[in-house]
Amino acid sequence: MFNYLINLFFPKVCSGCQTILMTNETVFCTSCRHEMPLTQYHLDCDNQAVKKFYGRIDIEHASAFLYFNKKGIVQEMIHNLKYKGHEEIGTFLGNWYAEDLKELILKTPFDTIIPVPLHKRKFKERGYNQVATFGKSLSESLNIPYDESILYRKKYSKTQSKKNLLGRSENIEDLFDVDFTAEHHQKHFLIVDDVLTTGATIEACSRALLKIPGAKISVVCMAIAN
């Protein structure tokens with residue numbers, strides 16, 4: 001009765017289109033789920049996510065779950081996750097994408113999942129890392145350890161979304177560093193992020209992680225700019 005009253009006065013709405021969710025729906029309505037622009041990159045070893053890193057950094061695997069288009073459903077979703085505290089979106093996408101990645105990890109096993117970190121100041125401002133629930137749900141579904149203590153951001157920086165590749169590279173070249181021990185040597189790290197745009201942030205994170213002897217890097221993102 002209490003849950004009924006809560007839903008009556010504060011109904012749960014779809015994170016994609018803001019319509020009221022039906023009883024059997026969670027996070028997204030059925031219509032939005034069917035409209036999700038899936039990339040199917042996990043089936044293509046030479047996809048556009050991989051190509052972003054050609055000649056820049058050695059990546060074992062890269063993929064993204066959805067296409068990100070301006071004013072599209074994915075932009076609305078990421079905005080709600082990143083700025084409105086809807087962390088359940090990350091969990092939902094992580095659980096969904098994990099089903100696609102289960103065959104991949106049989107061929108390319110990962111040792112540790114690492115989120116792109118926020119600076120302590122940014123974390124305090126936002127209250128959470130928008131990538132965390134995505135990474136943790138992948139971790140639970142794929143049975144791969146999740147660790148946010150190895151990679152950290154050294155400098156506070158403003159948003160990179162409106163900068164070009166050269167501008168981003170200049171700004172983030174020395175933003176990240178690692179804190180590791182001998183047990184992290186020879187490990188395959190899976191970096192997770194929200195939206196893959198130029199790849200500059202992932203490249204900077206990868207260069208930091210590659211300071212670890214024998215480290216290998218792969219990347220999985222919620223979406224890729226289309």
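In this text, all values refer to a predicted model and were calculated from it rather than measured experimentally.

Criteria and thresholds
- Residues numbered from 1 in each chain as written.
- Predicted model: local features only at pLDDT ≥ 70, side-chain atom pairs only at ≥ 80, totals over all residues.
- Heavy atoms only, no water.
- Disulfide = S-S within 2.5 Å.
- Buried < 20%, exposed > 50% of the residue type's maximum accessible area, 1.4 Å probe, protein only.
- Phe/Tyr/Trp six-rings, centres within 6.5 Å; stacked < 30°, edge-to-face > 60°.
- Helix = DSSP H or I, 4+ residues; strand = E, 2+ residues; numbered from the N terminus.

(A) Representation of the state of the cysteines in the model. Here the structure, examined in full by the defined rule, presents zero disulfides. Counting only cysteine sulfurs, Cys-32 is the nearest neighbor of Cys-29, a cysteine outside any disulfide, at a range of 3.6 Å. Looking at Cys-29, the relative accessible area reads 6%, which means it is buried.

(B) How the structure looks around the packing of aromatic side chains. One pass over the full model with this rule turns up four aromatic pairs. Taking 5.1 Å as the distance between ring centres and 80° as the angle between the ring planes, the aromatic pair formed by Phe-65 and Trp-96 counts as edge-to-face. Of this pair, Phe-65 sits in strand β1 (residues 61–68) while Trp-96 sits in helix α5 (residues 88–107), and the two are 31 residues apart along the sequence. Look at Phe-65 and you get buried, because its relative accessible area is 2%. Its relative accessible area of 19% is what places Trp-96 among the buried residues. Measuring from centroid to centroid gives 5.9 Å for Phe-92 and Trp-96, while their planes differ by 80°, and the two rings are edge-to-face. Placement of both Phe-92 and Trp-96 in helix α5 is noted, with a separation of four residues, approximately one turn of the helix. Residues Phe-92 and Trp-96 agree in their burial class; the two are buried. One aromatic cluster in this structure is built from Phe-65, Phe-92, Trp-96 and Tyr-97.

Spatial relationships are all this shows, so hold off on functional conclusions.
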